[in-house]
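# Coordinate inspection notes
What follows is each chain in one-letter form.
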Amino acid sequence: MIACLERIVLDAESKPDDDVSSIPKSLDLQGSIESGGGVTSVASKDFGGLYSVKPLALIKPSGVEDIARVVKAASLTTHLTVAARGNGHSINGQAMADGGLVIDMRSTEENHFKLLTLNRSPYIDVSGGALWEDVLTRCVSEFGLAPSSWTDYLGLTVGGTLSNAGVSGQTFRYGPQTSNVTELEVVTGKGEITVCSETQNSELFFGSLGGLGQFGIITRARVKLQPAPDMVRWIRVVYTEFEEFSRDAEFLVSQKEGDSFDYVEGFVLSNNDDPVNGWPTVPLDPDHEFDPAHLPPTTGSVLYCLEVAFHYRNSDHPSTVDTAVNRLVGRLGFVERLKFQVDLSYVEFLLRVKRVEEDAKANGIWESPHPWLNLFVSKSDIVDFDRTVFKKMLKEGVGGPMLIYPLLRSKWDNRTSVALPAGEIFYIVALLRFVPNSPSVEKLVAQNHEIVKWCSQEGLDFKLYLPHYQSKEDWKRHFGNQWTRFVERKASFDPMAILAPGQKIFKRTHMINKLNQ
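Residues numbered from 1 in each chain as written. Predicted model: local features only at pLDDT ≥ 70, side-chain atom pairs only at ≥ 80, totals over all residues. Heavy atoms only, no water.

## Considerations on the overall build of the chain
Each helix and strand in the chain was counted, giving 18 helices and 19 strands. Radius of gyration (C-alpha) of the chain: 23 Å, near the 24 Å computed for a compact globule of 517 residues. When the backbone C-alpha atoms are referred to their principal axes, the chain occupies close to 75 × 55 × 45 Å. In the chain, buried positions account for 57% of the 517 residues. Just so you have it, the chain exposes about 21,500 Å², and 49% of that area is on carbon and sulfur atoms. Computed over 53 positive and 65 negative side-chain charges, the separation of the two mean positions in the chain equals 5 Å. (Helix = DSSP H or I, 4+ residues; strand = E, 2+ residues; numbered from the N terminus. Rg over C-alpha atoms; globule rule 2.2 N^0.38 Å. Buried < 20%, exposed > 50% of the residue type's maximum accessible area, 1.4 Å probe, protein only. Areas by Shrake-Rupley, 256 points an atom, 1.4 Å probe, with all protein chains shown as cover. Lys, Arg positive; Asp, Glu negative; His and termini not counted. Charge placed at Lys NZ, Arg CZ, Asp CG, Glu CD.)

## Thoughts on the confidence of the model for the chain
Per-residue confidence for the chain averages 92 on the pLDDT scale, and 92% of its residues sit at or above 70. For the stretch residues 1-19, pLDDT sits under 50, and the model shows 29 contacts to residues farther than four places along the chain or on other chains. Note on residues 512-517: pLDDT under 50 across the span, and 10 contacts to partners over four residues away in sequence or across chains. (pLDDT = per-residue confidence, 0-100. Contact = heavy atoms within 4.5 Å.)

## Structural notes on the nonpolar core
Counting residues in each nonpolar core, the largest one holds 104 residues, and the members touching the most others are Leu184, Phe261, Leu306, Phe385, Phe390, Ile404 and Val429. The biggest single contributor to this core is strand S14 (residues 302-312), with 7 residues. Ignoring anything within four residues of it in the chain, the contact list for Leu184 reads Leu162, Thr194, Val195, Cys196, Phe205, Ser208, Leu209, Ile218, Arg220 and Ala221. In terms of nonpolar packing, the next biggest core, distinct from the first, is built from 26 residues, Leu295, Leu303, Cys305 and Val418 among them. (Core = buried A, V, L, I, M, F, W, Y, C linked by side-chain atoms within 4.5 Å.)

## Some points on the sheet that holds strand S1 (residues 32-34)
Read from one edge of the open sheet, 4 strands run S1-S2-S4-S3, paired in mixed fashion. The open sheet has two free edges, formed respectively by S1 and strand S3 (82-85), since each of these has just one partner strand. Neighbour-to-neighbour, the strand axes of this sheet turn through a mean angle of 25 degrees, independent of strand direction. (Pairing = 2+ DSSP bridges. Axes fitted to C-alpha atoms, helices over the stretch in contact; angles between N-to-C directions.)

## Observations concerning the sheet that holds strand S6 (residues 121-127)
Strand order in this open sheet of 5 strands is S5-S6-S10-S8-S9, and the pairing throughout is antiparallel. Bordering the open sheet on either side are strand S5 (113-118) and strand S9 (193-197), each of which pairs with just one other strand. Across the sheet, the mean angle separating the axes of adjacent strands is 25 degrees when strand polarity is ignored. Of the strand pairs in this sheet, S6 and strand S10 (residues 216-224) are connected by 5 bridges, and their pairing is antiparallel. Looking at the pairing, Asp125 lines up with Arg222 of S10. Against the sheet, helix H5 (residues 64-75) contacts strand S8 (181-188), S9 and S10, and its axis sits at roughly 45 degrees relative to S8. Relative to S5, helix H6 (residues 132-143) is tilted by about 60 degrees, and along the sheet it contacts S5, S6 and S10.

## Quick look at the layout of surface pockets
Quantified by volume, the second largest pocket comes out at close to 710 Å³. The wall of the second largest pocket is formed by 28 residues, among which Val452, Phe462, Leu464, His468 and Tyr469 lie closest to the centre. Going through the elements one at a time, strand S16 (373-378), helix H15 (440-457), strand S19 (462-464) and helix H16 (472-479) are the ones with two or more residues in the lining of the second largest pocket. Counting residues per element, the lining of the second largest pocket draws most heavily on H15, which supplies 5 residues. By residue class, the composition of the lining of the second largest pocket is 15 nonpolar, 9 polar and 4 charged. (1 Å grid on protein atoms, 1.4 Å probe; cavity = no way out; pocket = protein on both sides within 12 Å on 5 of 7 lines; lining within 4 Å. Points joined across faces, edges and corners; volume = space filled by probe spheres on them. Nonpolar A, V, L, I, M, F, W, Y, C, P; charged D, E, K, R; others polar.)

## What about the environment of Ser260?
Tracing the backbone shows Ser260 in the loop between helix H10 (242-254) and strand S13 (263-270). Along the chain, Ser260 and Val308 lie 48 residues apart, while their C-alpha atoms are 9.4 Å from each other. Once residues within four sequence positions are removed from consideration, Ser260 is found in contact with Arg173, Leu252, Gln255 and Leu328. At 2.8 Å, the side chain of Ser260 forms a polar contact with the backbone oxygen of Leu252. (Polar contact = N/O pair within 3.5 Å; in protein donor to acceptor, adjacent residues only side chain to side chain.)

## Some points on H16
Those residues of H16 lying buried are Trp475, His478 and Phe479. For H16, the arc enclosing every buried residue in end-on projection is 85 degrees, short of the 170-degree limit, so these residues lie on one face. On its buried face, H16 sits against S19 and helix H17 (483-493). Trailing H16 by a residue or two, Gly480 shows a phi angle of about 55 degrees, which is positive. (Arc of directions from axis to C-beta.)

## Things to note about the pattern of salt bridges
Counted according to the given criterion, the structure contains 29 salt bridges. In this structure, Asp386 and Lys391 form a salt bridge, with 2.4 Å as the shortest nitrogen-oxygen distance. A salt bridge links Asp474 to Arg477, with the shortest nitrogen-to-oxygen separation between them at 2.3 Å. Pair noted here: Asp474 and Arg477 are both in helix H16, with a separation of 3 residues, about one helical turn. The class of Asp474 is partly exposed, set by a relative accessible area of 23%. For Arg477, a relative accessible area of 55% translates into the label exposed. Through salt bridges with shared partners, one network takes in Asp125, Glu183, Arg220 and Arg222. (Salt bridge = Lys/Arg side-chain N within 4 Å of Asp/Glu carboxyl O.)

## Some thoughts on unusual backbone geometry
Located in the positive-phi region is Arg120, a residue other than glycine, with phi close to 70 degrees. Despite not being glycine, Leu466 has its phi angle at roughly 55 degrees, a positive value. Structurally, Leu466 is set in the loop between S19 and H16. Under the relative-accessibility criterion, Leu466 is labelled partly exposed at 31%.

## Here we look at empty space enclosed by the protein
Following the criterion strictly, the structure yields 3 cavities of 30 Å³ or more and no others. Roughly 80 Å³ of volume is contained in the largest cavity. Around the largest cavity sit Asn164, Gly210, Leu212, Ser417, Val418, Ala419, Leu464, Tyr465, Leu466, Pro467, His478 and Phe479, which together line it. For the lining of the largest cavity, the residue count by class is 8 nonpolar, 4 polar and no charged. The volume enclosed by the second largest cavity comes to roughly 50 Å³. Gly63, Val64, Ile67, Met105, Thr108, Asn111, His112, Ser127, Glu185 and Thr219 are the residues that line the second largest cavity. Broken down by class, the residue content of the lining of the second largest cavity amounts to 3 nonpolar, 6 polar and 1 charged.

Right under this line is the structure:
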């Protein structure tokens, strides 16, 4: 095995196909290893479209044993790294491995799908390579159940979102997706297959949740389920003042279940008729129209849209639903007559971004670069952020959604690896740019850097979500007082820094003899 991999590494440039093809036999892999320009080019890019590095090979494992063998084999070389790739939706090359081995987790998507009842509560065991959209449709159609916490876009793998956090409009109530799993199966950087939970191998469990792939590759997750509602009333209301928007949003996320909506998000839009950045982005139905005549004459350069949803069942009487929704909406101080709503099935609502994906693919912009920026900003600093970033830097929009909505720190487990601002209420800000491949991409990346630099210089309490840094000093600042724990977990579970090299947190080391003892 050692000789095989060393020969591959040394001769990769001269005989890549011959050498790589010998790996499955030497490692007794049940899956496949593919190389060559066409195959590895898939693993050399991601949704962000900003970086491209070529791996040595793309591995399609049949199961967890294949993944463990690959990681162990990499540990017996001096510099091979291993990256787990889900559906390729990282933005800054986080799932790439320059000259290393990329594992296609999608090939394991069917390995786990089992309903369990533990202490009278339902759970589903799913593969780390399964897409959340498939978990949704199968759980609802087969069991009438569904996970409670989601992301907006569900074409992401289970292991991928759990390695970051997994945030959407349900997070204020149920916490991120990392707060809704009770057990993981993980392949560590030592090539060990380990089952972990809050009570079993807990450091690996909490470390892997939000751990950016640094401690292990998530191959199975046990996810909490609840009865799935049948229908959703999806509502958008418009505000002219940030203070009023944030007051209502914070009020809704702070109410107990039954006294608020089931989903709360929001976004910023330009106060103009731009079809991508302005008024046309608000209506939920093509037949609905945004009439700017309802805006007061003092309205500024940007507007704010609060987006909420109310779950109900087919058996609920329409008047009952109307009464409950009207009671909640009646508490809000939005611009009168700028309210839009539609009713749709629960599954349709959760797959709402799927339609955006289909349209973007049809228009050819899905494959274009996406210089996205995601941040968590403390409530104490969000007004200053709005005043400078939204009202000045981004008042013309970003060529895509500018999300902003509050989250509750008490719904997050501080034992996980996720770094958060201080305080109970903080906001997620997501600048989701869709731009054509042109020189403007560099300008937009520079604008992202300018925003982060401004936040730092002004002393805002913020953290990057889906973080991307180039230096260890920046990573230390990101994790703050969690850095020591993060390093200790790395030393315990991936001491040679084999895993997730694209995060650029740790450099590969050569502790071969020590690891083999």
